[in-house]
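Listed below, chain by chain, are the residues.
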Amino acid sequence: MKFGPLSIDEAEGAVLAHATMAGKTRLRKAHRLTAEDIRLLRAEGVSSVIAAQLEAGDLDEDQAAERLAERLAVDGVAVRAPSTGRVNLYAEKAGLFVVDRASVDRLNAVDPAITLATLPDYSAVSEGQMVATVKIIPFAVSARRVDEAMEAIRGDVFRIAPFRALSVGVVQTALPSLKDSVLDKTARITGERLARSGSRVTRELRPAHEEEAVARAIAALKEESDLLLLFGASAICDADDVIPAAIRRAGGTVERVGMPVDPGNLLVLGTIDGKPVIGAPGCARSPKTNGFDWVLDRVVAGLDVSSADIAGMGVGGLLAEIPTRPQPREGKAGTRDPSAVWGVLLAAGQSRRMGRHNKLLASFDGVPLVRRTAGALARSGVFGAVAVLGHEAQAVEAALEGIAVKCVRNADYAGGLSTSLRTGIAALPDEAAGALIMLADMPEIGSGDLDRLVDAFVKAGGNAVVRATHNGKRGNPVILPRALFAEVEKLTGDTGARHVVEQGLVSVIDVETGAGAHLDVDTPEALEKAGGVLNR
């Protein structure tokens, strides 16, 4: 591939490096120039362009990405169509994402132009979550180098180990100093943890915190359970303490006491009659991520967990309260309802490319655009909605009369998109589990599209970003979980939600909503093409 300035006379078939105007036609970046494009550019007096010219033996970015992704494809992972040199791969079922780091490193060492990025090894994923992406960095790459990268792929680079729905027996030991409310809360949180795999507690026993009593409880549950979870009323402090001793007394074996993960150090791993037994650390009474989650997820995914496996968890084992995947969480008054999604309609922009017109007041089928988008939001399954106003706020608010949205003013709207995002998030109530961020200039987004986004958010437990896409390419609207609200507060200038999403602080679930996910109306031409009429 040759890259650089190219005479118009030689540019037919070349790939544009930058968006270029040809009269009133905008030629986008990565557009392959046609004879008609050349005619238009020449008519505008353009004599050269910055472009990439493919040579014999080159593959364009999409061809190369698609070829590699097809080689990486495995059962349980869906491969999307290529776009701008990228192919995204998604989990088709909930489970653990297992990846061979050596294989990924070997592929990425072939050529800096050819890249594969994945989630970390043993990441818990939900159905529809992105797990990997192939990206070709330049506009084209040598087919020979792609062949070398494919040769570096030996066997399956990654896979999804699906979660299994297990019958779980739970033992919670009791002491006079331990309140029943603590045991009840532990039972509830444990049920929530198991729900993400479809597993459930079939029976719970609460014996005294004594070796013999716990051993009897284990024996009573082992026949009817696929997995046993033991919660001690007192923290385990020795390999011969009550919980590990009771496992051995019941006829089981203890594989390990203790793990290099904090919180989670005081975990016990054992087996009885070939079934796993986990002595839970005290931190497992909390919904926050801890070492117990790491072991539990592997067990319900059908993966072996040995003492050596646990010994290898130290790197990355210093945990904090981070929303890395859907998990049970508690709000101020119990678990926050993940269906409590509120809409934020961003309607403060100045429509600079529309000249003297405000695009939000343009007519679509006789209805102002902002009223059309606000109506779709109000008719959807969100709990409520706010509309952030700024430019020509009085006229925009008048167009929204009768629509069930609360109007809030952004006095600093000229400061960029981030100011409206911050204003909208600040206006949401405490019970909001997520914010559906909707641009007011997207005429083809309907209430059904929004409901699909909300449904995906609820299924993820309210702890993932949910993003509208079309043909595998990201678009809008997007739902941000409450865990990211603080990140929105850090935004400045004309920076939008995409910056928050791409920090990778939470998992991202893409939902196909059709071409409307990409259709906004930023120019008079785009508005007219979409069926709108500017008010004169």
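All figures in this text were calculated on a predicted structure; none of them were measured in a lab.

This part takes up helix H3 (residues 101–108). All buried positions along H3 are accounted for by Ser103, Val104 and Leu107. Mapping the buried residues of H3 onto a view down its axis gives an arc of 100°, with all of them on the same face. Close packing links the buried residues of H3 with helix H2 (61–72), strand E9 (95–99), strand E10 (114–118) and helix H4 (143–151).

Relative to the elements of secondary structure, glutamine 172 occurs in strand E15 (residues 167–172). Of the residues examined, glutamine 172 reaches a relative accessible area of 0% and is grouped as buried. From its side chain, glutamine 172 meets the backbone oxygen of leucine 183 in a polar contact 2.9 Å long. If we ignore the near neighbours within four places in the chain, the residues touching glutamine 172 are Leu183, Thr186, Ala187, Glu204, Leu205, Arg206, Pro207, Phe231 and Arg285.

In space, the three strands of this open sheet follow the order E11-E9-E14, with antiparallel pairing throughout. On the outer flanks of this sheet lie strand E11 (123–125) and strand E14 (158–162), each paired with one strand and no other. The average undirected angle you get between the axes of adjacent strands in this sheet is 35°. Pairing of E9 with E14 involves five bridges; the strand directions are antiparallel. Each residue of the ladder has a partner; that of valine 98, found in E14, is arginine 159.

One pass over the structure, following the stated rule, counts 30 salt bridges. Ionic pairing is found between glutamate 224 and arginine 203, a salt bridge with its closest N-O pair at 2.9 Å. One end of the pair, glutamate 224, is in the loop between helix H6 (211–221) and strand E17 (227–231); the other, arginine 203, is in strand E16 (residues 200–205), with 21 residues separating them in the sequence. By relative accessible area, which is 33% here, arginine 203 ends up partly exposed. The salt bridge partner of arginine 216 is glutamate 212, with a shortest N-O separation of 3.2 Å. One end of the pair is arginine 216 and the other is glutamate 212, both in helix H6 and four residues apart, which spans about a single turn. Because the salt bridges share partners, they merge into one network encompassing Asp111, Arg144, Arg145 and Glu148.

Moving on, we come to the sheet that holds strand E18 (residues 253–257). Taken in spatial order, the six strands make up an open sheet running E16-E15-E17-E20-E19-E18, and their pairing is mixed. Two strands in the sheet have a free side with no partner beyond their single neighbour: E16 and E18. Between one strand axis and the next, the sheet turns by 20° as a mean value, whatever way the strands run. Taken together, the five bridges between strand E19 (residues 268–272) and strand E20 (residues 275–280) define a ladder with antiparallel strand orientation. Across the sheet, residue valine 268 finds its bridge partner in E20, namely glycine 279. Against the sheet, helix H7 (residues 242–249) touches E17, E18, E19 and E20, its axis set at about 155° to E18. Relative to E20, helix H8 (residues 291–300) is tilted by about 165°, and along the sheet it contacts E17, E19 and E20.

Moving on: helix H5 (residues 180–195). In this model, H5 (16 residues) spans 23 Å end to end at C-alpha, consistent with the 22 Å of a helix rising 1.5 Å per residue. When H5 is considered as a whole, its buried residues turn out to be Leu183, Thr186, Ile189, Thr190, Arg193 and Leu194. What you see down the axis of H5 is that its buried residues fit within an arc of 135°, all on one side. Where H5 is buried, its residues contact E15, E16, E17 and H8.

Here the focus is the side chain of threonine 423. Following the sequence through the fold, threonine 423 ends up in helix H12 (residues 417–426). Reaching out from threonine 423, the side chain makes a polar contact with the backbone oxygen of threonine 419 at a distance of 2.8 Å. With near-sequence residues (within four places) excluded, threonine 423 lies in contact with Val388, Val408, Arg409 and Asn410.

Right, let's talk about the packing of H2 against H4 for a bit. Relative orientation of the contacting elements H2 and H4 amounts to 15°, with a least axis distance of 10 Å. Relative to H4, the element H2 is oriented roughly parallel. Where H2 crosses over H4, the handedness of that crossing is right-handed. Seen from H2, the contacting residues are Ala64, Arg67, Leu68 and Arg71; seen from H4, they are Val146, Asp147, Ala149 and Met150.

Criteria and cut-off values
- Residues numbered from 1 in each chain as written.
- Predicted model: local features only at pLDDT ≥ 70, side-chain atom pairs only at ≥ 80, totals over all residues.
- Heavy atoms only, no water.
- Buried < 20%, exposed > 50% of the residue type's maximum accessible area, 1.4 Å probe, protein only.
- Helix = DSSP H or I, 4+ residues; strand = E, 2+ residues; numbered from the N terminus.
- Arc of directions from axis to C-beta.
- Contact = heavy atoms within 4.5 Å.
- Polar contact = N/O pair within 3.5 Å; in protein donor to acceptor, adjacent residues only side chain to side chain.
- Pairing = 2+ DSSP bridges.
- Axes fitted to C-alpha atoms, helices over the stretch in contact; angles between N-to-C directions.
- Salt bridge = Lys/Arg side-chain N within 4 Å of Asp/Glu carboxyl O.
- Expected span 1.5 Å × (residues − 1).
- Parallel < 35°, antiparallel > 145°, perpendicular 65-115°, else oblique.
- Left-handed = near helix turned anticlockwise from the far one by under 90°.

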